[in-house]
2 protein chains.
Amino acid sequence: MLKKVLLFTLGGAAVFTIGILIGHFGIKKNTSAPLPQWVHEVAQDVDENLVEKFIAQVDTTQIRENLQVLTRVPHMATTAGDEATVEYMLKRWQDKDTGLDAAWREDYRVYLSFPDKDKPNKVTVVRGSEVVASIREKEKAYYPEQDDPNVVQPYAAFGPAGHAKGKLVYANQGKVTDYEHLNNTLGSLNGTIAIVRYGGAGRADKGFNAAPFGVVGVLVYTDPYDINDGKMSDESETYPHSWYLPPSGVERGSYSTSFGDQLTPYLAAKNGTYRIEEKDITGVSPIPIQPIGFEDAMNLICELEGPEAPENWQGSFPCKYNFGGPGFKDTSRFKDCDVQLDVYNKAELRDSANVMGVIWGSVEPDRYVIYGNHRDSWVHGAVDPSSGTAVMLEITRILGQLVKTEKWRPRRTVIFGSWGAEEFGLIGSAEYAEEYISKLSQRTVAYINVDISVFANATLRASASPVAQHVIFAASKQVKIPGSDTVSVYDNWMQHSNRSSPTYGLIPNMGYLTGAGSDYAAFMHYLGISSMDIAYTYDRRKTRARIYPAYHTAYDTFDYVDKFIDPGFTSHQTVARTAGNVLLRLADSILLPFKSSDYAETLEQYLNVAVENFNTELTANGISMEPLKEAVKSFRSAARSLEETISSSDVVSNSPLKARRINDQLMLLDRAFLNPLAFPDKYGFRHVIWASRSSALATFPGLADAVMKAKTSGLKQDWAQAHKHLSIVTQAISGAAHTLAEAHAAL
Amino acid sequence: MLKKVLLFTLGGAAVFTIGILIGHFGIKKNTSAPLPQWVHEVAQDVDENLVEKFIAQVDTTQIRENLQVLTRVPHMATTAGDEATVEYMLKRWQDKDTGLDAAWREDYRVYLSFPDKDKPNKVTVVRGSEVVASIREKEKAYYPEQDDPNVVQPYAAFGPAGHAKGKLVYANQGKVTDYEHLNNTLGSLNGTIAIVRYGGAGRADKGFNAAPFGVVGVLVYTDPYDINDGKMSDESETYPHSWYLPPSGVERGSYSTSFGDQLTPYLAAKNGTYRIEEKDITGVSPIPIQPIGFEDAMNLICELEGPEAPENWQGSFPCKYNFGGPGFKDTSRFKDCDVQLDVYNKAELRDSANVMGVIWGSVEPDRYVIYGNHRDSWVHGAVDPSSGTAVMLEITRILGQLVKTEKWRPRRTVIFGSWGAEEFGLIGSAEYAEEYISKLSQRTVAYINVDISVFANATLRASASPVAQHVIFAASKQVKIPGSDTVSVYDNWMQHSNRSSPTYGLIPNMGYLTGAGSDYAAFMHYLGISSMDIAYTYDRRKTRARIYPAYHTAYDTFDYVDKFIDPGFTSHQTVARTAGNVLLRLADSILLPFKSSDYAETLEQYLNVAVENFNTELTANGISMEPLKEAVKSFRSAARSLEETISSSDVVSNSPLKARRINDQLMLLDRAFLNPLAFPDKYGFRHVIWASRSSALATFPGLADAVMKAKTSGLKQDWAQAHKHLSIVTQAISGAAHTLAEAHAAL
């Protein structure tokens, strides 16, 4: 019986076990169905191995080849050379092995300004009807590139056509104070031609500022002091012997103060779009203006009659810089001569293309990380912009391959933009922002701009919204500098440029995007999208060059980059690694790698500067800064609470809506600072923290400029405007704080 | 043996079964862990049983009691009576059994205008210094309510203080064309006082339009023709015998054309906020203006000298309405008399409170459904606004109870707003929108406004963004009209007011929110939040009353509602059920119950009207409507594609990010139509489809008004402005289409 019972029991146990097994594995549970695939997908965070793989794959040879193709011919906006780059970008981004999910072109009909090929602009020294001397019309050729018939004559784009003749004066940098000083000294500038050097004031401002003094024309040149560390001889010192600007090199550029297509403000420039009349364009020089090389400039300036210009107006020419009589010395061969400008610039409507490429996101296709650079140059544009485009193409090659081989797809959608007509005023990116304003505002996480990727070989330079400091630091810590296995881009950057942060101690000095220097402008200022501008740049201990010397000249060629800017292309590689790393983290992290507390620190710094400089006088005028202080405090506290929420949240195993909620707060933070009515006279500037400012103080721009004006005028209505800007920035900051506060806090 | 085997087998089978059961239920699977709780939560859709329960619980007695408490005393903005309602709202919303999750007050310091209690405004008929007659300063008391010392004297809020004296003229409705006609007939209106009736033009416009003709003061009255279906006698015909206005009743109101606090445009009116100077306020009458009752008006108008006014200027008085000599007939007791206005209105800064209440969302706490109404009245305000507040309190009582008993929590956050100072220009809601602009713009799904909930007993009336038509229809189909178990609110509505839709055939005629008639204005026009305005209203076959007759008078009391507007409170109940149902669907549906294709239909209608009326002349002026047609077409096609995505998506078993993506597209659709620069002269109007317009044509407002102006002037620059508005609306529509297109479509 015992045996039977045992047998029964054992048999029963076996059957029982089999029953358990069948029950466990054989029947689907109602209460716990297998986890759906999407539960895994939404919990996929940035893959550090993939990031490392990306870094390893960035290839100097590829970048060099990209640059070679991109710079074969001059590719000024809307020319045949530009069209060739459009086709090249499309070919690359539509490549079946290394291309993106999709790529296409989008054309805008935009207002551009060119010199007349048949009637070149002329600058002459004349005595009556006799031409005593002529300024050269093209740059000297050292290589065939400079002789390419498609090298555009140096000119001031959007400078008006016209003829001007008068006695020459030297007006330093063409700032208002420069003209004032000159006018006070000479008694009158009426009917004069001013020669000014680049720097100190915007291009257009040099003409803009001159006209009210009666100046009838302006020449602009680059002083060797500002660009060449004083070097002047092309026999040994300048290109082709070094990176320095040869004596005949001329910086071209847009001479307009605003960005975007000038005939269609706030509207995308399509065929049927309403256009303002040309006469209603603002922000361009009212008088003829023409840039020239420093050799020609020297020949003029060194002949000028006294009085002698002040010390800080002097440059590198081997002579005293005088104001001009007006006009030349009696001892000069130009005695009694006038300078004559004949400018034949013509504006016209042209079709300019953006080339767009995309990798669709897997989990959040409706969140965009945008990476862009312009494609158009003034001449061959090897540094500006092709060094950036070469880097972008290397990034897309690697990411495209990862997608095509099904090894990777970003969590969020990644959009690449190759913008057109940037050199004429950031036009392609601005029109894109205008056309897609709603979609981009609703969905864009960040914009990464890499225009000139390598100014020089020394260190990373980044400017960005403070919320992005964290991800730029993180990426730059992971990448090593050229030629080192140990020194990170971050550490090297800190050595070159640093600041003491109340939060972190010594950190690299990241800049802010306060102007409209490249295509980030429409994203940062108009759309309030957290933007970044990344490049490699100078060792400031070694040069005081205002910018790389061949900037906007016919010497900015592949040869120039290959020999002087980045032989071996390792700085390009470093930028590609860093910017690509930033891109991957933004695209793939479950939680956006943004830190609102870094924004708080910036606001506190801005507040300190504002209080220190304005509080006494504001108070004296019955205006209290307390609401602003309160707003900054509330922002800090909201940022802290958001970061507590983040650090206490298990976003991986929680509903993806939790991470999305936090990400929306971070994504939309910069949007909260937009006020479309704050700066009615500054096209496209809506961000009340980063809008351009005239004041030199690093603080809230609207407030700073309004206080500066009120202090000067002493007028009651100007103090009222200061109060208004104080309220505008206060409301923006406290409004932004509301968006960061826990959703469960009081609304 | 058989028995034993059988026993063994049976025993084995039992054990086997138990094993299966244990295996199935008792052991956690590794490969398929139990679904996390949040997977269930995010898949919870609107609960129809709960909706039915809500509808059943809406209680007429509760609403009646709410109204009784709310209307005990006059509660004009910022008075003691208003403060009592603030406390009552807080008490109700903080109640431990029926309250909300949280409730609080938010105060703004706003600019209001009041008569002087010690020096009442006076209107007199004078002959030299002799006062021949005086207009009554307060309304006749039929009940103690009218004798309450806190009944404010009838006045024109924001009308300037001042003294004006002149011969009387009758100027119909005070439209520009009325004054023109009168001026042309009489030769001059210089130095006259005009008497005008309500209707046809906005309150402020009646003074605004008069001043350029030299008119020095304006009297405004309500003609019995317009409000009382001609009835005039308080002995039998008017209140207290019916809902009609008694002869001494006076409509108070704000005489300002813009909304929001007038000293702080675009800034929340806090203590330290920048304020413009009073002299810089625009949109208010430049000359004294005073509303009076129709009995007094009759005594003046019937004494006026000829010529006789046109037929459509005549009203219900038993006399011919003449223009005035100017002045009175020689046969009149007022012969040679002037009319004199002495207005003592004073503007001052006062603290006005919004009361806010919230039920936090479970799954998407960062998505808001806002439901609001103003709290302030002119006098007792039983209909306006307390009928709406009584309904809101009944909705919050039921929802609060559901939350407190843990039976329900909405998917999204529900916010209730009891706005202050609406009567002075929608101030509380506008300041709220200004202060929280970023947060509200980013997160708000919809705004539901129920101001006056019951104008009359006949039918539902709803105005809304077209995207919300669907949910209003759905809710109104589920609710029955008072006194019927079978007729739905929807069917009854269709009987009273319908239109033929190309998509649906005959449907109720939902209106649009084209003006700033109540607190939806800041949400719809300034923030671009899809808004709704819901009420019960008249049978237009039975009355031509411009509005319910006691509007803004001392007769708008609980007694008036209880006896004449809605005895039994069943229309209140019906509105509560319908609006509450809309609220629940917006708060709880996984997919927002919005239809973008309904927006497409509206845009197509607007386009048709525009093409029909403007195309010929636009074309003649070289302006093509093709881009607008293309934009509307692209919107339709994008809406279709979104709806295909929706109908092919299994959002319940998919990642909640899929539904969120679609919901974001729907939530942000109205936002895409905002253009903050489109209407620089119209405060707060940023929505290019719904902004107020002067043109009578139901089409795009900026385009319509610009074309109207250009047609009148024939000026080239006016046609350019028409072109500009065409481009603005084209870009807005195509921009909105971009946001609806599949994320995987070209950007």
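Bear in mind that the values here come from a model prediction, so they are computed numbers and not experimental data.

**Digging into the domain arrangement of chain A**
Residue and element names in this part refer to chain A. Each assigned domain of chain A is listed with its residue range as follows: domain 1 (48–112 + 348–588), domain 2 (120–343) and domain 3 (596–740). With four residues of domain 2 at the interface, the matching set in domain 3 holds five residues. Regarding the contact of domain 2 and domain 3, the summed buried area is about 450 Å², with carbon and sulfur atoms giving 69% of it. It is S258, F259 and Y266 that lose the most area in domain 2 upon contact with domain 3, and together they represent 90% of the buried surface on that side. At the junction of domain 2 and domain 3, the tally comes to zero salt bridges. Scanning the region where domain 2 abuts domain 3 turns up one residue pair in polar contact (both at pLDDT 80 or more).

**Some details on the sheet that holds strand β10 (residues 289–291) of chain A**
All names here are of chain A. One open sheet holds the four strands; their spatial order is β6-β7-β8-β10, and the pairing between them is parallel. Either end of the sheet is taken by a strand with one partner, and the two such strands are β6 (168–170) and β10. Taking each pair of neighbouring strands and ignoring which way they run, the sheet shows an average axis angle of 25°. The pairing of β6 with strand β7 (residues 193–197) spans three bridges and is classified as parallel. Bridge pairing links V169 to A194 in β7. On top of the sheet, helix α7 (residues 176–186) reaches β6, β7 and β8 (217–221); it is set at about 120° to β6, its chief contact. Along the sheet, helix α10 (residues 294–301) makes contact with β6, β7 and β8, crossing β8 at roughly 125°.

**Description of the packing of aromatic side chains**
Residues and elements named next belong to chain A. Under the definition given, this model contains 99 aromatic pairs over all chains. Ring centres 6.0 Å apart and planes at 45° place the aromatic pair W93 and F416 in the tilted group. Taken together, the residues span a long stretch of sequence, with W93 in helix α5 (residues 80–93) and F416 in strand β14 (residues 412–419) at a distance of 323 residues. No difference in accessibility class separates W93 from F416, as the two residues are buried. Residues Y221 and F317 carry aromatic rings whose centres are separated by 5.6 Å and whose planes lie at 25° to one another, so their mutual orientation is stacked. Of this pair, Y221 sits in strand β8 while F317 sits in the loop between α10 and β11 (338–343), and the two are 96 residues apart along the sequence. The two residues Y221 and F317 agree in class, both being buried. Pairwise contacts between aromatic rings join Y142, Y143, Y239, W243, Y244, F455, Y538, Y548, Y551, Y555, Y560 and F564 into one cluster. Sitting over the ring of Y490, K477 keeps its end group 4.6 Å from the ring centre.

**Quick notes on the packing of helix α19 (residues 596–620) of chain A against helix α22 (residues 701–713) of chain A**
Residues and elements named next belong to chain A. Where α19 meets α22, the closest approach of the two axes is 11 Å, and the angle between their N-to-C directions is 40°. Classified by the angle between their axes, α19 and α22 sit oblique to one another. Considering the relative orientation of α19 and α22, their crossing is left-handed. For the pair formed by α19 and α22, the contact residues are A610, N613, F614, E617 and L618 on the first element and L703, A704, V707 and K711 on the second. Within the contact of α19 with α22, the residues separate by chemical class into six nonpolar, one polar and two charged.

**Observations concerning the UniProt feature "domain: Transferrin receptor-like dimerisation" (unreviewed entry) in chain A**
UniProt records the feature "domain: Transferrin receptor-like dimerisation" (unreviewed entry) for residues 623–740 of chain A in the present numbering. Within residues 623–740 of chain A, the helical portion is 61% and the strand portion 0%, while the C-alpha atoms at the span's ends are 28 Å from each other.

**As for helix α7 (residues 176–186) of chain B**
Residues and elements named next belong to chain B. Taken together, the buried positions of α7 are occupied by D178, Y179, L182, N183 and L186. Taken end-on, α7 shows its buried residues confined to a sector of 125°, consistent with a single buried face. Looking at the buried residues of α7, the elements they touch are β6 (168–170), β7 (193–197), α8 (203–208) and β8 (217–221).

**A closer look at the pattern of salt bridges**
All names here are of chain B. Counted according to the given criterion, the structure contains 88 salt bridges over all chains. Put simply, R660 and E364 hold a salt bridge, and the shortest N to O gap is 3.0 Å. Of the two residues, R660 sits in helix α21 (residues 656–667) while E364 sits in strand β13 (residues 364–374), which places them 296 residues apart along the sequence. Owing to a relative accessible area of 2%, E364 belongs among the buried residues under this scheme.

**Regarding the side chain of T413(A)**
Residue and element names in this part refer to chain A. Within the secondary structure, T413 is located in strand β14. Residue classification places T413 among the buried positions, given a relative accessible area of 0%. Polar contacts involving the side chain of T413 include one to the main-chain amide nitrogen of G361, which spans 2.9 Å. Here the side chain of T413 touches P365 through a polar contact of 2.7 Å, landing on its backbone oxygen. Contact partners of T413, with chain neighbours within four places excluded, come to V358, I359, W360, G361, E364, P365, R367, Y368 and V369.

Quick notes on the rules
- Residues numbered from 1 in each chain as written.
- Chains lettered and ligands numbered in written order.
- Predicted model: local features only at pLDDT ≥ 70, side-chain atom pairs only at ≥ 80, totals over all residues.
- Heavy atoms only, no water.
- Domains from an automatic or database assignment.
- Contact = heavy atoms within 4.5 Å.
- Buried area = accessible area lost by both parts, 1.4 Å probe.
- Salt bridge = Lys/Arg side-chain N within 4 Å of Asp/Glu carboxyl O.
- Polar contact = N/O pair within 3.5 Å; in protein donor to acceptor, adjacent residues only side chain to side chain.
- Pairing = 2+ DSSP bridges.
- Helix = DSSP H or I, 4+ residues; strand = E, 2+ residues; numbered from the N terminus.
- Axes fitted to C-alpha atoms, helices over the stretch in contact; angles between N-to-C directions.
- Phe/Tyr/Trp six-rings, centres within 6.5 Å; stacked < 30°, edge-to-face > 60°.
- Buried < 20%, exposed > 50% of the residue type's maximum accessible area, 1.4 Å probe, protein only.
- Lys NZ or Arg CZ within 6 Å of the ring centre and 35° of its normal.
- Parallel < 35°, antiparallel > 145°, perpendicular 65-115°, else oblique.
- Left-handed = near helix turned anticlockwise from the far one by under 90°.
- Nonpolar A, V, L, I, M, F, W, Y, C, P; charged D, E, K, R; others polar.
- UniProt positions renumbered as here; feature names shortened; annotations may be inferred.
- Arc of directions from axis to C-beta.

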